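The primary structure of each chain is shown beneath.
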Amino acid sequence: MLTLRLYMLQRITALLMAPLVLGHIGVMIYAVQGGLSAAEILGRTQGSVFWFSFYGLFVLAVSVHAAIGLRTILHEVTGLSGRLLMFFTWGTALGLSVLGMRAILAVTFLTRGVS
Amino acid sequence: MNEPVKTRRVSIWRGEGETGQFETYDVPAYDNQTVLDVVSHIQHYIDPSLSYRFACRVGMCGSCAMMVNGEPRWTCRTHVNKVAGQDVLEIAPLRNLPVIKDLATNMDPFFDKWVKAEAVHHSSASRDEEMMVVLPDDAERKKADAGIECINCAVCYAACDTVAGNADYLGPAALQRAWTLYNDARDAGKQTILEAVSGAGGCHNCHAQGGCSHYCPNELNPMQAIAGLKQATTRAMLKGKL
Amino acid sequence: MIRPHRRHPLFLAFLLHRTSGILLALFLPVHFWVLSLALTDAAAFDGFIRFTDLAVVKLAEGLLIFLLAVHIFGGLRLMALEWLPWTAMQKQLAAGAIALSCFVSATFFLQVI
Amino acid sequence: MTTLLESCERHDTDILILGSGGAGLFAALHAQQTAPAGTKISLAVKGLIGKSGCTRMVQGGYNVALGGGDTVERHFMDTVIGGKWLPDQDMAWRLCEQAVVRIRELENEVGCFFDRNMDGSLHQKAFAGQTADRTVHKGDLTGIEIISRLMEQVLSQPIEKLQEHRAIAFVPTKDKSALAGVLFIDMRSGGFRFVRAKTVLMATGGGPTMYKYHTPSGDKTMDGLSMALRLGLEVRDMEMVQFHPTGLLAGEHTRMTGTVLEEGLRGAGGHLLNGGDRRFMYDYDSSGERATRDVVSRAIYAEMRKSNASPNGGVFISMAHLGPDHVRTQFKGMVKRCADSGFDLAAGKVEVVPTAHYFMGGVIVDTDTRAGIEGLYVAGEDAGGAHGSNRLGGNGVANSTVYGGIAGDVMGRDIHKFTQLRDPDNEVLEQEMAAALLPFSCPSVPLQPIRQTLQNIMWDHVGVMRTQAGMEAGLEKLDELSAEVMASGVSQDSRAFNLTWHDWLNLRSLCDISHVIAKAGIARENSRGAHFREDFPEAGDLHDSYFTVAKQAEDGALTISRRDVAFTIVSPGETILPEDAPATLVASPPPQMTEANASQ
Ligand SMILES: Cc1cc2nc3c(=O)[nH]c(=O)nc-3n(C[C@H](O)[C@H](O)[C@H](O)COP(=O)(O)OP(=O)(O)OC[C@H]3O[C@@H](n4cnc5c(N)ncnc54)[C@H](O)[C@@H]3O)c2cc1C
Ligand code: HEM
Ligand code: SF4
Ligand code: F3S
Ligand code: FES
């Protein structure tokens, strides 16, 4: 059940994510090729405003995007609509962004426990 | 007269409303036989209680569409040999529409959505005025012409899984008609059309599954028409008009 | 079994896009959870990173990248279909998007092993 | 126990329209425009709205004089001459005159789009029998454009839709002075429903489907005309059945048989070959295959009678000598249609046969569509008079849309006069219900063989060529067959969507009208237009032209009389065109195509 607005939101977030995800895959290939350990990865990302915004943007976009996508599928498969569908959509979006933000904070700003 | 050389086993959906089952019949196989002829033969000679619908019998009225071996088709113009390669023939009522009885469906939802999509000419002139000069080569006119020969048979509607899942979805045929009107220089309701196709059941629900264009017996391309609507609505939104 | 009315290229492209979307959406919370282990339990996190050296896990990662690629290129294809001037080559484009995804994920896969 | 009468559901409306062809749909729109606010309009159809009937099947196009030298007068003259001086001239005049308004309405208000010239004006071509390029069209699928657009408009209006409602009887008031309403079978449930209305339009579209080979849609079985006869109305020109020479012949077991292969195939140079693969048209006419439709139909029929027939009993049309690729591009739709049903039109030979196409006969009405009883109006193919003995190609859909619109306007205005709904004669109502239920009390038998027998009788005895003796023999067989129909039953299982029950009702209507066709055919002792008597091959003196009128008495007895044609506008030998008007405006028409007998 997509209106023009939800449709645009899904497409815009998709367009935003495309370079971010491709970039991320690139970094990963580079990182894995270099045989980086977790510590090394984190060493490069921690404290970096760039990486925080890079992943922060991704998390926000993907939360909205996936929520809308799942909403469509849920509606088409179960017929769920109205209020419940709305709660599901924005609940999913919120859940994903919270989880995502926690992860980003972990790899960027927050200091790790003693190792 | 060619004598039937063999018979063909045919399963036909029988039932009223949502309940029913397939039943099998042995139907003589003739040259030049269409699927509609097979169905008619059963009603004429084997089981007179079989219900189905047809009118023109030449692919013009769009009232004979059924699921033939799981695919939506007009039956009056579908030669049996084309679909019964392995000698199986399974005929069921058109998908995505309520069944009245056996092979006859209630097409009202299809037409209700047609009207809901504002797929109805919005007059810009009266019978007292001259007919408008429209150049056949005009780019917009060509877009309008592309889908104009739709016979509203609902084959595309049956092919589309979005229609199956989303009760509000207006469906390929109605949207294609809306797109045709949107490109018709004589239509005075462009904004109305864009608004009608942007709601909860509108063109944005299409996932480009392409079944509509794949199965349209007139080789029309509703998928392209819907893409056109998506583009037009996107543009209107960016301009703040939607 | 794929029902008869679904057996055509563009429907299969749709199916792939939807399946990849669902799987990605399921994977995403797991991914986020693993990353946040870095915050709460460094040892477990390092363990996890080491765990990713296993062949099975590598394979799964490859699949994940494949899904991501299929979904992204499929999505870009879809947006091209919707917003760019129409082309009659929709089936070829869909096939192209899938081929590109295979290429990208194969490259990644070969790099990591 | 509920009585039969009580089992009939009652329903009321103000304006009731039967049929959703060009006539019915236009009537609905116009009634909506002219009737006072709050008037209830109902549209009842045997099939689905806009999907049933023949207007949908119109290929060639729509005749209308739109200038460029063409005039309403010229259109009128072509119509009268084409109809061999039998048309009701006032009706023909109004048809030609109003077509001009109707076509603009179709384009500007309804939203039809007709083919354009490169300069953006409407493209017009000339059918056989026309002296000007007059036929407006949308490719060769004109009817789909007209009906789809009309259907959209009607569906979006607050008009009550009674779909798959089959009218089975007109029920008058007790004193028989006016029409009370119409008895229907709601086909989906199988129940009876009586609908009272202040005005009723009959636009069920005739349809000569009692012939072995026929073009009209399956839902058309002369129901309206047989209902009108039982109501005691006068019908005219009932012997006039138009045959199209090239119907597809694909065997008895396919519904494709009888459907039209377009006129243009012969025009483009297609050859007709007999069973011995020999071109035969030049044996009959110096124009060969390009002769007019009646001539070609008769030649094919003669060839068939000489046992020179193709395997399925017709002749062949062959296009291959024109180059298969050329044929494929020029006749794309026809080639595809043939291919879908297993024939290669472009490179092979396709069997064809003359096929019953249009019924010129119909209810006698005035130019306002009013029939001979208060409250009933008739328009479209059901109404007689406008075409006389022959309908010009392109005049059929013009007729149904023009008079459908007029009927809507007139009913919308007449509704002021009728303040009350009328009560039906319950006796008639009950009789009609009982008559429709008759087959349920007879032993169930396959009806298709009976239908085929009827179609053979009509084809053999009252077909392309007729004789007194032949028609009389046909009548005898028809009597036997009617008796057989009345003794044939339908299984009781369920009345819901019971097509076989409707097949029986179809047979009943077709038998009724077949009798009238044969009797009117016997009454006309000359050959005019579609009616050809081998025993009276001459047209007779045009000044003494008469038309036949049939009427059924209450006891069922049929009387046929002759009535003189009133030359109210022009007499044979005269013209209303200016003295210096050229004979034809069509740029170098093939000479053989100028005579009037087209029938698209
Ligand atoms: C193949 C073909 C090609 C043609 N081509 C041309 C052409 O090119 N140009 C031209 O001018 N004319 C053409 N004609 C003729 C033209 O189609 C008709 O003259 C005209 O359309 C008749 O219109 P109508 O509204 O009277 O009837 P129709 O359009 O036939 O409509 C009749 C309606 O009445 C309904 N009905 C029937 N019985 C009942 C009942 N018992 N109860 C309720 N409803 C009932 C039917 O379901 C249908 O909806 C062609 C005809 C055919 C068959
Ligand atoms: C990893 C992150 C992503 C997840 C979890 C995700 C998830 C989803 C889901 C669940 C859907 C619904 C599928 C459907 O309706 O069938 C969807 C649809 C879509 N996705 Fe993604 N997606 C992601 C990334 C992307 C990216 C990067 C793009 C960019 C090109 C993209 C483009 C699209 C598009 C265009 C749709 C709409 C499909 C349709 O309407 O049929 N997605 N996504
Ligand atoms: S678009 Fe094609 S399949 Fe769909 S209703 Fe129209 S003609 Fe039928
Ligand atoms: S099949 Fe359905 S999803 Fe879209 S492209 Fe056609 S409408
Ligand atoms: S019967 Fe009219 S399209 Fe098949």
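Note that the structure is a prediction, hence the values are computed from the model and not measured. (Residues numbered from 1 in each chain as written. Chains lettered and ligands numbered in written order. Predicted model: local features only at pLDDT ≥ 70, side-chain atom pairs only at ≥ 80, totals over all residues. Heavy atoms only, no water.)

S.K.: Help me get a handle on the overall build of chain C, residues and values and all.
M.R.: On a plain count of helices and strands, chain C comes out with four helices and zero strands. Its helices and strands in sequence order give chain C the pattern α-α-α-α, from N to C terminus. In terms of overall dimensions, chain C is more spread out than a globule: its C-alpha atoms have a radius of gyration of 17 Å, far above the 13 Å expected for 113 residues. Out of the 113 residues belonging to chain C, those deemed buried represent 42%. Here the contacts in chain C between residues at least 6 apart in sequence split such that 69% fall between residues at least 24 apart. For chain C, the computed accessible surface area is about 5,900 Å², with 77% contributed by carbon and sulfur atoms. Each charge class in chain C can be summarised by its mean position, and for the 8 positive and 5 negative side chains these summaries are 23 Å apart. (Helix = DSSP H or I, 4+ residues; strand = E, 2+ residues; numbered from the N terminus. Rg over C-alpha atoms; globule rule 2.2 N^0.38 Å. Buried < 20%, exposed > 50% of the residue type's maximum accessible area, 1.4 Å probe, protein only. Contact = heavy atoms within 4.5 Å. Areas by Shrake-Rupley, 256 points an atom, 1.4 Å probe, with all protein chains shown as cover. Lys, Arg positive; Asp, Glu negative; His and termini not counted. Charge placed at Lys NZ, Arg CZ, Asp CG, Glu CD.)

S.K.: If you had to explain the sheet that holds strand 3 (residues 41-44) of chain D to someone new, which residues and values would you point to?
M.R.: Residue and element names in this part refer to chain D. Here we have five strands laid out as an open sheet, ordered 7-3-2-11-18, and parallel in their pairing. Of all the strands in the sheet, just strand 7 (160-162) and strand 18 (376-378) have a single pairing partner and so form its edges. On average, each strand axis in the sheet is tilted by 20° relative to the strand beside it, whichever way the strands run. As paired elements, strand 3 and strand 7 share three bridges and run parallel to each other. Bridged to Ser-42 within strand 7 is Glu-160. Against the sheet, helix 10 (residues 395-414) makes contact with strand 2 (15-18), strand 11 (199-202) and strand 18, and its axis sits at roughly 170° relative to strand 11, the strand it touches most. (Pairing = 2+ DSSP bridges. Axes fitted to C-alpha atoms, helices over the stretch in contact; angles between N-to-C directions.)

S.K.: If you had to explain the packing of helix 3 (residues 108-116) of chain B against helix 7 (residues 172-182) of chain B to someone new, which residues and values would you point to?
M.R.: Between two packed helices, the angle of one axis relative to the other and the distance separating the axes together describe the packing. All names here are of chain B. As a packed pair, helix 3 and helix 7 sit with axes 9 Å apart at the nearest point and diverge in direction by 25°. Compared by their axis directions, helix 3 and helix 7 come out roughly parallel. Note that helix 3 runs across helix 7; the crossing there is right-handed. Where helix 3 approaches helix 7, its residues Phe-110, Lys-113 and Trp-114 are matched on the opposing element by Ala-173, Ala-174 and Arg-177. Tallied by class, the residues present in the contact of helix 3 with helix 7 amount to four nonpolar, no polar and two charged. (Parallel < 35°, antiparallel > 145°, perpendicular 65-115°, else oblique. Left-handed = near helix turned anticlockwise from the far one by under 90°. Nonpolar A, V, L, I, M, F, W, Y, C, P; charged D, E, K, R; others polar.)

S.K.: Account for the domain arrangement of chain B, naming residues and giving values.
M.R.: Residue and element names in this part refer to chain B. Domain assignment breaks chain B into domain 1 (6-105) and domain 2 (108-238). Taken over C-alpha atoms, the centre of domain 1 sits 29 Å from the centre of domain 2. On the side of domain 2, 17 residues touch domain 1, which itself brings 15 residues to the contact. Between domain 1 and domain 2, a total of about 1,200 Å² is buried, with carbon and sulfur atoms accounting for 64% of that surface. Among the residues of domain 1 in contact with domain 2, Pro-72, Trp-74 and Asn-96 are the three that bury the most area, contributing 42% of the side total. Its salt-bridge partner being Asp-161, residue Arg-95 comes within 2.9 Å of it at the nearest N-O pair. At the boundary of domain 1 and domain 2, one finds five residue pairs in polar contact (both at pLDDT 80 or more). For the side of domain 1 that touches domain 2, the secondary-structure elements that each account for two or more residues are strand 3 (65-68) and strand 4 (71-74). (Domains from an automatic or database assignment. Buried area = accessible area lost by both parts, 1.4 Å probe. Salt bridge = Lys/Arg side-chain N within 4 Å of Asp/Glu carboxyl O. Polar contact = N/O pair within 3.5 Å; in protein donor to acceptor, adjacent residues only side chain to side chain.)

S.K.: I'd like to hear about the interface of chain C and chain A, residue by residue, with values.
M.R.: Facing 27 residues of chain C, the contacting portion of chain A comprises 31 residues. A combined buried area of about 2,800 Å² lies between chain C and chain A, and 77% of that area is made up of carbon and sulfur atoms. Summed over the shared surface of chain C and chain A, the result is two salt bridges. Between C:Glu82 and A:Arg11 there is a salt bridge; the shortest N-O distance is 2.9 Å. The interface formed by chain C and chain A includes four residue pairs in polar contact (both at pLDDT 80 or more). Only helix 1 (9-40), helix 2 (42-51), helix 3 (55-83) and helix 4 (90-112) of chain C provide two or more residues apiece to the side of chain C that touches chain A. Counted by class, the side of chain C that touches chain A contains 21 nonpolar, three polar and three charged residues.

S.K.: Describe the site of ligand 4, naming the residues involved and giving the relevant values.
M.R.: All names here are of chain B. The environment of ligand 4 is made up of 13 residues, and the closest members are Cys-160, Thr-162, Tyr-169, Cys-206 and Cys-212. For the shell around ligand 4, the elements supplying multiple residues, two or more each, are helix 9 (211-215) and helix 10 (222-238). Residues belonging to the shell around ligand 4 are distributed by class as follows: eight nonpolar, five polar and no charged. (Near = heavy atom within 4 Å.)

S.K.: Got a sec to walk through the environment of A:Leu9? Specific residues and values, please.
M.R.: Residue and element names in this part refer to chain A. Tracing the chain through its elements places Leu-9 in helix 1 (residues 4-33). A sequence separation of 38 residues divides Leu-9 from Gly-47, and the C-alpha atoms of the two residues are 31 Å apart. Leave out the neighbours within four places in its chain, and Leu-9 touches Val-64, Ile-68 and Trp-90.

S.K.: Explain the coordination of the iron atom of ligand 2 residue by residue, including any values.
M.R.: Taken together, A:His65 (NE2) and C:His71 (NE2) make up the full set of protein donors to the iron atom of ligand 2, lying 1.9 Å away. In this structure, the iron atom of ligand 2 is surrounded by six donor atoms whose angles at the metal cover 85 to 180°, and the resulting shape is octahedral. Of the two residues, A:His65 sits in helix 3 (residues 49-78) while C:His71 sits in helix 3, which places them in two different chains. Across the pair, C:His71 and A:His65 agree in class, each one buried. (Donors = N, O, S within 2.8 Å, 3.2 Å for Na, K, Ca; no water. Tetrahedral: all angles 85-135°; square planar, octahedral: opposite > 155°, others 65-115°.)

S.K.: Outline the sheet that holds strand 14 (residues 271-273) of chain D, supporting the account with residue identities and numerical values.
M.R.: Residues and elements named next belong to chain D. A sheet is described by the order of its strands in space; here four strands give the open sequence 13-16-15-14, paired in antiparallel fashion. Of all strands in the sheet, those bounded by a partner on one side alone are strand 13 (241-248) and strand 14. Adjacent strand axes in the sheet meet at a mean angle of 40° when their direction is disregarded.

S.K.: Tell me about the confidence of the model for chain C, and name the residues and values.
M.R.: As a general rule, the predicted coordinates of low-pLDDT regions are not to be interpreted in detail. Residue and element names in this part refer to chain C. Scored by pLDDT, chain C has a mean of 85; 96% of the residues are at 70 or more. Here helix 2 stands out as the element of chain C with the lowest mean pLDDT, 73, in contrast to helix 1, whose mean of 89 is the highest. This prediction of the complex comes with two scores: 0.95 for pTM and 0.94 for ipTM. (pLDDT = per-residue confidence, 0-100.)

S.K.: Lay out a negative patch on the surface with the relevant residues and their values.
M.R.: All names here are of chain D. A grouping of Glu-472, Glu-476, Asp-479, Glu-480 and Glu-484 is seen on the molecular surface, where their side chains present a negatively charged patch. The residue Glu-472 is located in helix 13 (residues 468-487) in this model. A relative accessible area of 37% places Glu-472 in the partly exposed class. (Patch = residues over 30% accessible without salt bridge, like charges linked within 9 Å, V, L, I, M, F, W, Y side chains within 5 Å.)

S.K.: Could you give me a rundown of a positive patch on the surface, with the residues and numbers involved?
M.R.: A contiguous patch of positive charge on the surface is contributed by B:Lys143, B:Arg235, B:Lys239 and B:Lys241. Among the residues examined, B:Arg235 registers a relative accessible area of 49% and is labelled partly exposed.

S.K.: So, the interface of chain D and chain B: which residues are in play, and what are the values?
M.R.: Every contact between the two is made by 75 residues of chain D and, on the other side, 73 residues of chain B. A combined buried area of about 6,200 Å² lies between chain D and chain B, and 53% of that area is made up of carbon and sulfur atoms. It is D:Lys51, D:His253 and D:Arg255 in chain D that bury the most area against chain B; as a group they hold 14% of the surface buried on that side. Remark: the boundary between chain D and chain B carries six salt bridges. A salt bridge links D:Glu107 to B:Arg186; the nearest nitrogen and oxygen atoms lie 2.7 Å apart.

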